[in-house]
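# Examination of the molecular architecture
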Amino acid sequence: MSEIRLTRLPSGLVVLTDPMDTVESASLGVWVEAGTRNEPAAINGVSHLLEHMAFKGTERRSARAIAEEMDAVGGHLNAYTARDHTAYFAKVLKEDTGLALDIVADILQHSTLDGEELERERTVVVQEIAQALDTPDDIVFDYFQAAAYPAQPLGRPVLGTEDLVRGMTRETVRAYMAEHYAAPSMVLAAAGRVDHDRLVEDAERAFGSLPATAAGPADRACYVGGEHREERDIEQVNLVLGFEGVGYADPDYYTASVLSTILGGGMSSRLFQEIREKRGLVYSIYSFASSYNDGGLFGIYAGTGEDEVAELVPVLCDEIVGITGKVDEAELARARAQLKASILMSLESTSSRCEMLARQMAVHGRPIPVAEIVEKVEAVTAADVVRTAKRLFSTPPTLAALGPLSRLEPFEAITGRLKH
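In this report, the structure presented in the accompanying data block is examined.

Conventions used here
- For every chain, the first residue of the written sequence is number 1, and numbering continues from 1 onward in sequence order.
- This being a predicted model, a pLDDT of at least 70 is required before a residue's local features are given, and a value of 80 or more before pairs of side-chain atoms are given or counted; all residues contribute to the totals for chains, interfaces and linings.
- The basis for the side-chain values is all heavy atoms of the structure; hydrogens and waters are excluded.
- Residues enter patches when their relative accessible area tops 30% and they take part in no salt bridge; the joining distance is 9 Å for like charges and 5 Å for the nonpolar side chains Val, Leu, Ile, Met, Phe, Trp and Tyr.
- Only the protein chains shown count as cover for residues, with accessible areas throughout obtained via the Shrake-Rupley method and a probe of 1.4 Å.
- When a carboxyl oxygen of Asp or Glu is within 4 Å of a side-chain nitrogen of Lys or Arg, the pair counts as a salt bridge.
- Working convention for charge: Lys and Arg count positive, Asp and Glu count negative, and His plus the chain ends are omitted.
- Charge positions come from single atoms, namely NZ of Lys, CZ of Arg, CG of Asp or CD of Glu.
- Strands are runs of DSSP state E lasting at least 2 residues, helices are runs of H or I lasting at least 4, and numbering of each runs from the N terminus.
- Whether two strands pair depends on DSSP finding at least two bridges between them.
- Here, axes are lines fitted to C-alpha atoms. For helices the fit covers the stretch in contact, and angles between N-to-C directions go from 0 to 180 degrees.
- The contact rule is simple, with two residues in contact once any of their heavy atoms fall within 4.5 Å.
- When accessible area is computed with a 1.4 Å probe and restricted to protein chains, residues below 20% of their type maximum are described as buried, those above 50% as exposed, and intermediate ones as partly exposed.
- A cavity here means a set of points on a 1 Å grid, drawn over the protein atoms and nothing else, where a 1.4 Å probe fits but cannot get out; a pocket is an open set with protein on both sides within 12 Å along at least five of seven lines, and a residue lines either one if it has an atom within 4 Å of a point.
- Grid points are joined across faces, edges and corners, and a volume is the space filled by probe spheres set on the points.
- All residues other than Ala, Val, Leu, Ile, Met, Phe, Trp, Tyr, Cys, Pro, Asp, Glu, Lys and Arg, Gly among them, are scored as polar; the first ten of these are nonpolar and the last four charged.
- Ring pairs are drawn from Phe, Tyr and Trp, using the six-membered ring of Trp, whenever the two centres fall within 6.5 Å, and their geometry is named by plane angle: stacked under 30 degrees, edge-to-face over 60, tilted for the rest.
- A ring is considered to have a charge above it if a Lys NZ or an Arg CZ atom is located within 6 Å of its centre and within 35 degrees of its normal.

### A few points about a negative patch on the surface
A cluster of acidic residues, Glu231, Asp233, Glu235 and Glu306, forms a negative patch at the surface. For Asp233, the position within the fold is in the loop between β7 (226–231) and β8 (236–244).

The following block contains the structure:
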């Protein structure tokens, strides 16, 4: 089996490859350590707007030409913005890897940020914001984030606000790109039918225009907790209840993942069995553990009816408190098996392997062997899960709720139910 290889170019750009000799395709992309948490409040949403604008034309390619070149080889080109990074990636057949690299390098260094295109794309992003606001089970997570991290970049929405986006000029976007899109802040990762030495050689030529000095680090995460309620005349109450989580490098990172799986990670989980199967209080309920380099969130989402929320919340709190007391070996074994299967199945996807490489490099400064990850998952004990549950669920809670909330009890009452 081919090995993962890493090369750091003189500019500071890291090149990582994970060869897969049994496939005919390749996925590659650039992960930039710049996202919502890097934005000043006055230009919240600029990372996402820049992601859109990168595809709207370069000095040698129009927006249409970018689309046509990828379509001509049957490839896929896409991007996304997160709170701590922005990613630009492509998937192509093995013989078109050079073209994919050239296009990605072109849009990250030579985008014209044309004024007319910017005007159109601002309108597109405003429509995206409106769509999110009209999607309760989506926007409730932004409210949850804002309540958990108030008055700081990490609590702001990825999309920004309509007023802020409409006010962003070409100079605003260009200055942000010049400050944050630097070689030391980027990882070029590729997985599939790729040749490392060839990719390094091509990357040295293709990324020659990147700035060599990175911007300073983002403000540290400062979890606070609290609540956000929005009464809205819709059919369901959308609710997220959570706590301070753990960062990627935290010793309890894998334990928190196991805890989340046991509590609400599948059809056999405690929340699904007790709240959906036994009581029929929800259609959707699940838990999640999200992490950053310097912290994280642990939360539970539930969608329920206006009347059912009165019964749901006490039961939900009981399940949270209950897992701080005991975890049995059978459910622990199921959770570990679920996580291991998820990790190992993801290895069948070039895109997943590509992203995994980039994220590991950004977080840990090295690719992490799969065997090492599996070993850490297998090492989690029932006592570890109980200890971590006590740790997380003793932090101040965060509640976000959207919908008909007349029967949702006060935040103070919910907080009282969570004492253990």
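### Details of the sheet that holds strand β5 (residues 86–93)
Ordered by their spatial adjacency, six strands build an open sheet running β1-β2-β6-β3-β5-β4, and the pairing between neighbours is mixed. At either margin of the open sheet sits one strand with a lone partner, and together these are β1 (5–8) and β4 (76–81). Neighbour-to-neighbour, the strand axes of this sheet turn through a mean angle of 15°, independent of strand direction. As defined by bridge partners, strand β3 (residues 25–32) adjoins β5 across eight bridges and the pair is classed as antiparallel. Within the sheet, the bridge partner assigned to Ser27 lies in β5 and is Lys91. The strands touched by helix α8 (residues 196–206) are β1, β2 (14–19) and β6 (186–192); relative to β2, the strand with the most contacts, the crossing angle is about 150°.

### Structural notes on the pattern of salt bridges
Taken as a whole, this structure holds 36 salt bridges when the rule is applied. One salt bridge connects Arg64 with Glu68, and the closest N-O pair in it is separated by 2.7 Å. Highlighted residues: Arg64 and Glu68, both in helix α2 (residues 63–72), separated by four residues, approximately one helical turn. By relative accessible area, Arg64 is classed as exposed at 62%. Close ionic contact of Asp307 with Arg407 constitutes a salt bridge, the shortest N to O distance being 3.9 Å. Taken together, the residues span a long stretch of sequence, with Asp307 in the loop between β10 (295–305) and α11 (309–322) and Arg407 in the loop between β11 (398–403) and α16 (411–417) at a distance of 100 residues.

### Quick notes on the layout of surface pockets
Its volume calculated, the largest pocket comes out at about 1,500 Å³. In terms of lining residues, the largest pocket is bounded by 48 residues, among which Tyr248, Tyr253, Ala289, Ser290 and Ser291 are the most central. When residues of the lining of the largest pocket are traced back to their parent elements, those giving at least two are α5 (136–148), α9 (253–264), β9 (282–292), α12 (329–346), α13 (350–364) and α14 (370–378). Ranked by residues supplied to the lining of the largest pocket, first place goes to α13 with seven residues. Looking at side-chain class alone, the lining of the largest pocket contains 25 nonpolar, 13 polar and ten charged residues. Lining of the second largest pocket is provided by 18 residues; of these, Glu33, Asn38, Pro217, Ala218 and Asn293 occupy positions nearest its centre. Per-element accounting of the lining of the second largest pocket gives the leading share, three residues, to α13. In the lining of the second largest pocket, the residues fall into six nonpolar, five polar and seven charged.

### Section: the environment of Ala130
Relative to the assigned elements, Ala130 resides in helix α4 (residues 115–133). Taking the C-alpha atoms as reference points, Ala130 and Ser287, separated by 157 residues in sequence, lie 26 Å from one another.

### Some words on the packing of aromatic side chains
Enumeration over the complete set of coordinates arrives at 14 aromatic pairs. Seen from their ring centres, Tyr149 and Tyr223 are 6.0 Å apart, and the 85° between their planes marks the pair as edge-to-face. Taken together, the positions of Tyr149 in the loop between α5 and α6 (162–167) and Tyr223 in the loop between α8 and β7 put the pair 74 residues apart, joining distant regions of the chain. Note on Tyr149: relative accessible area 1%, which makes it buried. Take Tyr223: its relative accessible area is 12%, and that puts it in the buried class. Aromatic pair Tyr253 and Tyr254: ring centres 5.0 Å apart, planes at 85°, arrangement edge-to-face. Sitting over the ring of Tyr292, Arg37 keeps its end group 6.0 Å from the ring centre.

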